[in-house]
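Chain by chain, the residues:
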Amino acid sequence: MTSKFMFLVWFSNLKYARGVPQNEAYFKFTTLALPFDAGRTDTTRPMALPSLDAFLAAPDTVTDLAGFATRLHMQTVTVRLAGRAAAAADPDLPARIRAAFGSALLETASPPSRVGDPCPWSPPCVFDALFRSKGRMTKRIDYPAPWLIACDPAGRDLDVQLSVFGVAAEWMPAAVEVFTRVLSDRVDWRHQTTAHAERQGRRAGRQRENILGREVTMIDGLALQRDDPGPPQAAMLTFLSPVTVGGRDAEQEPQAIFSEAGYRLEGIARWHGLTLLDAVDWRALRAGLDQLHMAWEDDIALRWERESRRQGRRIPMRGHIGNLVIQSPTDATPPPVWPVLWPVLALGQAVRFGADTAFGCGRYRLLVA
């Protein structure tokens, strides 16, 4: 799989990189078919933006997986912190970074957003775009948050990434500044409770982290073509962060990792103004998974706890890292599920599968035979 990456030296370049004149309004929702009142004549008042809730609920384009891949938009900021490589082994670190990031965004949120209502500001605040719950996509599935966190060692240092999808990337410049500040002096590195860490930081004057550098990259479409035109015979997913499955065991039931893949992809597609519901046969995909053999290699079971401020307790977590090998039965031709499963697995490298993706879980690298 290949991707189109572009290095963005500074945010002003982002407008030129996306073909937008520098003097154009900052929130370019028109490129994603949000219904602006473009013909209004009253320019003395701010333009009224439609709510993100309405945008997510009414996608304007039906597409298949290949069409979604070509329109996938993801911006990522990578911040390098000196001497923190060992922290990458802590499976709870992304959740603690997420908590600190949300707390910082809440400080600048509008009063309605603070209590879970849509932001009335024009444009909406960053907290509204990235953190506020947008409600249910189905009767039991919420719209996913449009961003992910990843942590990787870089020699003795630590790279922390914030990736933002679709229309939410319009808030990326503001999000990057807050994210950098949070990594500098608000993250709990000692695995204390967040509240305790904040109290200790205020008392002692928390030491600021040494940030060695920062860069922003962009993916503007994924190519799903393979060199071999035939169906894959096998795939290996190397999980770089623990994959979790709510209420089930990913080691004993690896198919469960993909049981909600359709909802995950649909949710991220909505942030692009797209829907996959009428273009992909998800039932056939789920049935086809049972025809494949899945087994772990060199896997490690991990257990940790995640603090939940909302519930006021620490939640036990369980996940696996390692290589998940997916193969066709040796005594049969490749099942017909592969042509659908391949783009799902390829897109999953960007959007992640399994439970708790918002807390850093489910990140993998894909190899196909």
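To start, this report covers the structure provided alongside it. These numbers were taken from a predicted model, which means no experiment stands behind them.

### Here's the deal with the side chain of Asp128
No. 1: Position of Asp128 among the secondary structure elements: in helix 6 (residues 126-130).
No. 2: Within polar-contact distance, the side chain of Asp128 engages the side chain of Ser113 at 3.2 Å.
No. 3: Sequence-distant contacts of Asp128, defined by excluding residues within four places in its chain, comprise Leu52, Ser113, Asp117, Pro118, Cys119 and Lys134.

### A word on the packing of helix 4 (residues 93-106) against helix 7 (residues 172-185)
No. 1: Direction vectors running N to C along helix 4 and helix 7 enclose 120°, while the axes themselves pass 9 Å from each other. It follows that helix 4 is oblique to helix 7 by the angle criterion. In this structure, helix 4 crosses over helix 7, and the sense of that crossing is right-handed. When helix 4 is examined against helix 7, the residues Ile97, Ala100, Phe101, Ala104 and Leu105 are found in contact with a partner set consisting of Ala175, Val178, Phe179, Arg181, Val182 and Leu183.

### Points about the sheet that holds strand 9 (residues 293-308)
No. 1: On the basis of which strands lie adjacent, the open sheet formed by four strands has the order 9-10-7-11 and antiparallel pairing. Two strands lie at the open edges of the sheet, namely strand 9 and strand 11 (364-368), each paired on one side alone. When the angles between neighbouring strand axes are averaged without regard to direction, this sheet yields 15°.
No. 2: Sheet analysis places strand 9 next to strand 10 (residues 313-327), joined by 14 bridges and oriented antiparallel. Among the inter-strand pairings, Ser308 is bridged to a residue of strand 10, identified as Arg313.

### A closer look at helix 11 (residues 338-351)
No. 1: Relative to the 20 Å expected for 14 residues at 1.5 Å per residue, helix 11 spans 19 Å between its end C-alpha atoms, a close match to the ideal helical length.
No. 2: In terms of burial, helix 11 is a largely internal element, eleven of the 14 residues being buried.
No. 3: When we look at burial in helix 11, the residues that qualify are Trp338, Leu341, Trp342, Pro343, Val344, Leu345, Ala346, Leu347, Gly348, Ala350 and Val351.
No. 4: Looking one or two residues past helix 11, Arg352 carries a phi angle of roughly 75°, positive in sign.

### Description of the pattern of salt bridges
No. 1: Per the stated rule, a full pass over the model turns up 17 salt bridges.
No. 2: Between Arg96 and Asp90 there is a salt bridge whose closest N-O contact spans 2.9 Å.
No. 3: One salt bridge connects Arg314 with Asp92, and the closest N-O pair in it is separated by 3.9 Å. Linking Arg314 in strand 10 with Asp92 in the loop between strand 3 (73-81) and helix 4, this pair joins segments that are 222 residues apart in sequence.

### Describing unusual backbone geometry
No. 1: In this structure, the amide linkage connecting Ser122 to the following residue, Pro123, adopts the cis form with an omega of 5°.
No. 2: Among the structural elements, Pro123 can be located in the loop between helix 5 (111-114) and helix 6.
No. 3: Despite not being glycine, Asp298 has its phi angle at roughly 55°, a positive value.
No. 4: Along the chain, the position of Asp298 falls in strand 9.
No. 5: Even without being glycine, Arg352 reaches a positive phi, approximately 75°.
No. 6: Its place among the elements puts Arg352 in the loop between helix 11 and strand 11.

### Considerations on the side chain of Glu266
No. 1: Here Glu266 is to be found in helix 9 (residues 261-270).
No. 2: At a separation of 2.8 Å, a polar atom in the side chain of Glu266 contacts the side chain of Thr275.
No. 3: For Glu266, the contacting residues outside a window of four places in its chain are Met137, Leu274, Thr275, Leu276 and Leu277.

### Concerning the packing of aromatic side chains
No. 1: Evaluation of the coordinates by the stated rule reveals nine aromatic pairs.
No. 2: Taken together, a centroid distance of 5.4 Å and an interplanar angle of 85° make the contact between Phe101 and Phe179 edge-to-face. Remark: Phe179 occurs in helix 7 and Phe101 occurs in helix 4; sequence separation between them is 78 residues.
No. 3: Exposure remark for Phe101: the relative accessible area of 0% places this residue in the buried category.
No. 4: An angle of 75° between the planes, with centres 6.2 Å apart, marks the rings of Phe258 and Phe353 as edge-to-face. Of this pair, Phe258 sits in the loop between strand 7 (234-243) and helix 9 while Phe353 sits in the loop between helix 11 and strand 11, and the two are 95 residues apart along the sequence.
No. 5: Taking the relative accessible area as the measure of exposure, Phe258 reaches 3% and is therefore buried.
No. 6: Within the aromatic cluster, the residues linked to one another by ring pairs are Phe101, Phe127, Phe131, Trp147 and Phe179.
No. 7: Residue placement shows Arg306 over the ring face of Phe359; its charged tip is 3.9 Å from the ring centre.

Conventions adopted
The numbers attached to residues start from 1 for each chain and follow its sequence in the written order. Under the rules for a predicted model, residues below a pLDDT of 70 receive no local features and side-chain atom pairs below 80 are neither given nor counted, while totals for whole chains, interfaces and linings still include all residues. Neither water nor hydrogens contribute to the side-chain values; these are computed over all heavy atoms in the structure. What counts as a helix is a DSSP run of H or I of at least four residues, what counts as a strand is a run of E of at least two, and both are numbered from the N terminus. What qualifies as a polar contact is a pair of N or O atoms within 3.5 Å, subject to a donor-acceptor requirement within protein and to the restriction that residues adjacent in sequence count only when both atoms come from side chains. Working rule for contacts: check all heavy atoms of both residues, and any pair within 4.5 Å makes them a contact. Note on method: axes are straight lines fitted to C-alpha atoms, helices fitted across the in-contact stretch only, with angles between N-to-C directions ranging 0 to 180 degrees. If an angle is under 35 degrees, it is roughly parallel; if it is over 145, roughly antiparallel; if it lies from 65 to 115, roughly perpendicular; otherwise it is oblique. When the near helix sits turned anticlockwise from the far one by under a right angle, the crossing is termed left-handed; a clockwise turn instead gives a right-handed crossing. The pairing criterion is simple: DSSP has to find at least two bridges between the two strands. The span one expects for a helix is its residue count, reduced by one, times 1.5 Å. Whether a residue is buried, partly exposed or exposed follows from its accessible area with a 1.4 Å probe, protein chains only, as a fraction of its type maximum: under 20%, in between, or over 50%, in that order. The working definition used for a salt bridge is a side-chain nitrogen of Lys or Arg within 4 Å of a carboxyl oxygen of Asp or Glu. Note on ring pairs: Phe, Tyr and Trp rings are taken, using the six-membered ring of Trp, and paired if centres are within 6.5 Å. Classes follow the plane angle, with under 30 degrees stacked, over 60 edge-to-face and the rest tilted. By definition here, charges over rings are those cases where NZ of Lys or CZ of Arg is within 6 Å of the ring centre and within 35 degrees of the ring normal.

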